[in-house]
Amino acid sequence: MQKLVEFFQTAPVDPQQAGQLLWLIILLPLIGAFVSGVFGKVLGRANTHLVAVGAVFGSFLLSLIVFWTINDYRAMAMTPFGSVNYAVGADFGTWFSAGTFKVTFGLFADHLSGSMLLVITGVGFLIHLYSTEYMSHDDGYWRFFAYLNLFVAAMLTLVLGDSLPLLFVGWEGVGMCSYLLIGFWYTDPAKAYAGRKAFITNRIGDFGFLVGSFIMVLALEAAMKMPADVSSKLGRPGLEGSSVLARLSDGAKQKGPLSVSVLEEGSKVFASLLDDKIPSGPLEGMTFGRVLTIALLLFLLGAAGKSAQIPLYVWLPDAMAGPTPVSALIHAATMVTSGIYLFCRISWLAVLSPTAMATIALIGGATALIAALIAFSQKGLKKVLAYSTVSQLGLMFLGIGAGAFWAAFLHVVTHAFFKACLFLGAGSVMHGNGDEEDITKLGNLRKEMPTTWATFLVATLAITGIFPLSGFFSKDAILHAAHTNSIPQVEWALHVAYVLGVITAGCTAFYMMRMYFVAFEYPRSKEAKTPHAHESSWHMTLPLVVLAVLSVVALVHGLPIMKPEGRNTIQTLMENFLDPVFRTTQENLAKRQFLVIPAEEHVPYGAYIQAWVIAITGGGLAFFLYMRVFPSRAGQPLNPTLDAVRRFSFNKFYVDEVYQLLVIRPIGVVSRVLWRVVDSILIDGVAVRGTAWVTQRTGAVLRYLQTGDAQAYAAIMALGLAGALVWILQRYVP
């Protein structure tokens, strides 16, 4: 066993050269997107499939090599502040600069981004393979695979970028690709509208990301200019305060102020300056702590757009307008996890603002519960899963706000497996039932689609939190952290978030089992489009089987089996694996104590039992109502009060209608006024046409002075010269 461990902890390539593989991981899907998009029609379906699927599989193999390499203790990435262990990187020089501001083009992979690489390329490959059959009859197959490859390339750029600007390139890239894929069938107005809705909603969040980045640049510049009497408190063993600031300044000049390594080093400086006021500049008079809080809340706005949190979650349920593999890719492995990845990456900044942490936890908990309550009454298979995604993302944000960054990321990984399995399973159900997705018009799928049924059941049990599947451990880790951790300045926040999370967990078990019972266990509906369902081909079922297996075996990451040297604590495999990533976070926490995380000395059996009871209670209630009560009351009207509650939930609490009334319509009215009055009358009428009219009239008058007589022109010039001389003599000659 020891030899096997040593084998996997020995890099298969030179760790110093492994960083050069990172750009190839992005390049392969980019090439696949180009070939599929430009030559796909000429190549034909089979060759386009080979190129697109092969490109992502190639990235997956390279990602495996990189992941293997970063588990070697000799692997290290160089930064201006020293080396980072268990990481590889590559710096390709200056990307762009403006004055003293600079951004380098660098790629970086550590345990956090390395894990994301495997999720993106691994699950992405399975979705591409599935799509070869699912989209086999679509005339736009070449365009679909080009967009899909481009989506993967953008997400890889997001997680590999070693600076916020490069991360933002991937951030915008997945936003653009989501617009293209959600509105893929653009001839349908409803589907095209869904694509535009996703695009515009995300632009709101992206504005927050940009402004937050600008504020961080100003905060770093202000910190580096602090006077000597303040900088003295920044000293560390072996470094005086002035040396710390000088080193930070040199790093910012070398890598740019928005480099991840510079921001991480800056967080150590901020930890000592939170109560100090900025003496000069645009942020003059504000404390560093207040500036950090504002920046983090703006980053939260950006994350709320990408990861579908209140108030910007409304685009994600409508994203179901795209082909089902798109839903699986967006919801499981890529775009919606961007916000969680961002906050895990900048966790050393997040823990310096208790206000931001509490806000993240509360927004996450509220989003999780609201989405779960909406999912209660939805009839569409993909619609239930969409709101389920919003709810699970809310739990991940709750974990971030509670300081359990590793638990939030663990849920990202486990959720990628079982949610991809669920969405692809929903696509298989639709494929075998004449594209029907209304669960009330299906039924008897357990017998007619056995492979789809078995994999769908495993994934459903995983998301509900049934022991010992992976979802049980990742979800319990988040709830346990919310229950045991505390933010001293706002202790009530995590208590409220914990209650919201526990209720959400019970609701998840209920609505997921409701969906399963109605779609798979009920008798075949008389309204079904086809009398019998048929199982999908191996291209679709093989990815389902692989994802179902991963939904089970991923539980190993949540097992508390690690005991760090020198500490009387117990850690899960994922917590121990991500320890190097969050080391600076732990140092900043130790310095400021804004978040109290009690050490776990024993296996939390009590929390496990509680999570088990919640899942069994929710699932058992669904079984009782939908397998016993409601079938016996078939044809009888529902209680008016319950029916009103059901309709309120089915209509998504009328959030879209409220947005339409309070936001979209007023903006539409203002836009029409600006168009009719400012644009049409003032700009086009007065400024543009008015200028042209004045020029035209002036020319019409002046043309009468053009006689064509050279003697007349000479006489006029002589008179003008004489007049000028007279004026000069009168003004300057005494």
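### As for the overall build of the chain
Argument step 1. Across its full length, the chain holds 29 helices and four strands.
Argument step 2. With respect to the three principal axes, the spread of C-alpha positions in the chain is 115 × 70 × 55 Å.
Argument step 3. Every one of the 734 residues in the chain was classed for burial, and the buried ones make up 54%.
Argument step 4. Restricting the contact set of the chain to residue pairs at least 6 apart, pairs at least 24 apart contribute 78%.
Argument step 5. Accessible area for the chain stands at about 31400 Å²; split by element, carbon and sulfur atoms hold 66% of it.
Argument step 6. When the 50 positive and 44 negative side-chain charges of the chain are each reduced to one mean point, those points stand 7 Å apart.

### Some points on the pattern of salt bridges
Working definition: two side chains of opposite charge can pair if their charged atoms are close together.
Argument step 1. On inspection of all chains with the given rule, the structure shows 21 salt bridges.
Argument step 2. Measuring nitrogen to oxygen at the nearest pair gives 3.2 Å for the salt bridge that ties R203 to E172. With R203 in helix 7 (residues 189-224) and E172 in helix 6 (residues 164-182), this pair connects stretches of sequence that are 31 residues apart.
Argument step 3. Looking at R203, the relative accessible area reads 22%, which means it is partly exposed.
Argument step 4. Of the charged contacts, one joins R647 and D643 as a salt bridge, the two residues approaching to 3.3 Å between their closest N and O atoms. Separated by four residues within a single helix, R647 and D643 lie in helix 27 (residues 640-650), roughly one turn from each other.
Argument step 5. On the accessibility criterion, R647 (39% relative accessible area) is partly exposed.
Argument step 6. The exposure class assigned to D643 is partly exposed, which follows from its relative accessible area of 23%.

### What about the packing of aromatic side chains?
Argument step 1. A full pass over the atoms with the stated rule returns 34 aromatic pairs.
Argument step 2. Measuring from ring centre to ring centre gives 5.1 Å for F472 and F473, while their planes differ by 90 degrees; the resulting arrangement is edge-to-face.
Argument step 3. We classify F473 as buried; its relative accessible area is 6%.
Argument step 4. Ring centres 5.7 Å apart and planes at 85 degrees place the aromatic pair F473 and Y608 in the edge-to-face group. Linking F473 in helix 21 (residues 470-484) with Y608 in helix 26 (residues 605-632), this pair joins segments that are 135 residues apart in sequence.
Argument step 5. Grouped by ring-pair contacts, the aromatic residues F92, W95, F96, F101 and F105 constitute a single cluster.
Argument step 6. Its end group placed over the ring of F184, R143 keeps NZ or CZ at 4.2 Å from the ring centre.

### Details of the domain arrangement of the chain
Argument step 1. Here the chain is described as being made up of domain 1 (1-184), domain 2 (398-636) and domain 3 (663-732).
Argument step 2. Here the C-alpha centroids of domain 2 and domain 3 sit 71 Å apart.

### A look at the nonpolar core
Argument step 1. Core analysis: the biggest nonpolar cluster contains 209 residues, and F270, W315 and F343 have the highest contact counts within it.
Argument step 2. In terms of residues, this core owes the most to one element, helix 18 (residues 405-431), which gives 19 residues.
Argument step 3. Taken domain by domain, the makeup of this core includes at least three residues from each of domain 1 (1-184) and domain 2 (398-636).
Argument step 4. For F270, the contacting residues outside a window of four places in its chain are M216, A219, L220, A223, F288, L292, L349 and L352.
Argument step 5. In terms of nonpolar packing, the next biggest core, distinct from the first, is built from five residues, F472, F473, L555 and Y608 among them.

### What about the packing of helix 4 (residues 111-134) against helix 18?
Argument step 1. The N-to-C vectors of helix 4 and helix 18 enclose an angle of 5 degrees; their axes lie 11 Å apart at closest approach. In terms of orientation, helix 4 lies roughly parallel with respect to helix 18. Where helix 4 approaches helix 18, its residues L112, S115, M116, V119, V123, I127, Y130, E133 and Y134 are matched on the opposing element by F409, V412, V413, A416, F417, A420, L424, G427, S428, M430 and H431.
Argument step 2. Residues belonging to the contact of helix 4 with helix 18 are distributed by class as follows: 15 nonpolar, four polar and one charged.

### Points about helix 28 (residues 655-702)
Argument step 1. D684 marks where helix 28 bends most, by close to 40 degrees.
Argument step 2. Among the residues making up helix 28, those that are buried are V655, G668 and G690.

### Quick word on unusual backbone geometry
Argument step 1. Following I310, the chain continues into P311 via a peptide bond in cis, with omega recorded as 5 degrees.
Argument step 2. Summarising the element assignment, P311 is placed in the loop between helix 11 (288-306) and helix 12 (315-318).
Argument step 3. Residue P468 is bonded to the preceding F467 through a cis peptide linkage, with omega at 5 degrees.
Argument step 4. For P468, the position within the fold is in the loop between helix 20 (450-464) and helix 21.
Argument step 5. Phi is positive for D435, which is not a glycine, with a value near 65 degrees.
Argument step 6. Position of D435 relative to the elements: it lies in the loop between helix 18 and helix 19 (445-448).
Argument step 7. Taking the relative accessible area as the measure of exposure, D435 reaches 52% and is therefore exposed.
Argument step 8. The backbone of F653 shows a phi angle near 60 degrees, a positive value even though the residue is not glycine.

### What to know about the packing of helix 14 (residues 338-345) against helix 17 (residues 381-401)
Argument step 1. Contact geometry of helix 14 with helix 17 gives a least axis separation of 10 Å together with a crossing angle of 10 degrees. Considering the angle they form, helix 14 stands roughly parallel to helix 17. From helix 14, G339, I340 and F343 reach across to helix 17, where they touch L393, M396, F397 and I400.
Argument step 2. Among the residues forming the contact of helix 14 with helix 17, the class breakdown is six nonpolar, one polar and no charged.

### Section: helix 3 (residues 45-69)
Argument step 1. Between the first and last C-alpha of helix 3 there are 36 Å, a value that for 25 residues agrees with the 36 Å anticipated at 1.5 Å per step.
Argument step 2. Of all the residues in helix 3, the buried ones are T48, H49, A52, V53, A55, V56, G58, S59, L62, S63, V66 and T69.

### Remarks on the side chain of S474
Argument step 1. In this fold, S474 is placed in helix 21.
Argument step 2. Classification of S474 by relative accessible area gives buried; the value is 0%.
Argument step 3. A polar contact is formed between the side chain of S474 and the side chain of H411, at a distance of 2.7 Å.

### Considering the environment of T452
Argument step 1. Residue position: T452 is located in helix 20.
Argument step 2. Spatially, the C-alpha atoms of T452 and G427 are 9.8 Å apart, while their sequence positions differ by 25 residues.
Argument step 3. Look past the residues within four positions of T452 in its chain and what remains in contact with it is G425, S428, V429, F520, E535 and L544.

### A short note on the pairing of strand 4 (residues 101-109)
Argument step 1. Bridging between strand 3 (residues 88-98) and strand 4 involves eight bridges; their strand directions are antiparallel. Bridge pairing in strand 4 places S97 opposite K102.
Argument step 2. Between strand 3 and strand 4, which follow one another and run antiparallel, lie two residues, and G99 among them has a positive phi close to 65 degrees.

### Quick notes on a nonpolar patch on the surface
Argument step 1. Together, V669, V670, V673, L674, V677, V678, I681, L682, I683, V686 and V688 line one region of the surface with nonpolar side chains, adding up to about 890 Å² of accessible area.
Argument step 2. When you line up the elements, V678 lands in helix 28.

### A closer look at the pairing of strand 1 (residues 76-79)
Argument step 1. Summarising the sheet, strand 1 and strand 2 (residues 82-85) pair through four bridges and their orientation is antiparallel. The residue of strand 2 that forms the bridge with T79 is G82.
Argument step 2. Where strand 1 folds back onto strand 2 in an antiparallel hairpin, the turn is made up of two residues.

The rules behind these values
Residues numbered from 1 in each chain as written. Predicted model: local features only at pLDDT ≥ 70, side-chain atom pairs only at ≥ 80, totals over all residues. Heavy atoms only, no water. Helix = DSSP H or I, 4+ residues; strand = E, 2+ residues; numbered from the N terminus. Buried < 20%, exposed > 50% of the residue type's maximum accessible area, 1.4 Å probe, protein only. Contact = heavy atoms within 4.5 Å. Areas by Shrake-Rupley, 256 points an atom, 1.4 Å probe, with all protein chains shown as cover. Lys, Arg positive; Asp, Glu negative; His and termini not counted. Charge placed at Lys NZ, Arg CZ, Asp CG, Glu CD. Salt bridge = Lys/Arg side-chain N within 4 Å of Asp/Glu carboxyl O. Phe/Tyr/Trp six-rings, centres within 6.5 Å; stacked < 30°, edge-to-face > 60°. Lys NZ or Arg CZ within 6 Å of the ring centre and 35° of its normal. Domains from an automatic or database assignment. Core = buried A, V, L, I, M, F, W, Y, C linked by side-chain atoms within 4.5 Å. Axes fitted to C-alpha atoms, helices over the stretch in contact; angles between N-to-C directions. Parallel < 35°, antiparallel > 145°, perpendicular 65-115°, else oblique. Nonpolar A, V, L, I, M, F, W, Y, C, P; charged D, E, K, R; others polar. Bend = angle between axes of the 7 residues up to and from the residue. Expected span 1.5 Å × (residues − 1). Polar contact = N/O pair within 3.5 Å; in protein donor to acceptor, adjacent residues only side chain to side chain. Pairing = 2+ DSSP bridges. Patch = residues over 30% accessible without salt bridge, like charges linked within 9 Å, V, L, I, M, F, W, Y side chains within 5 Å.

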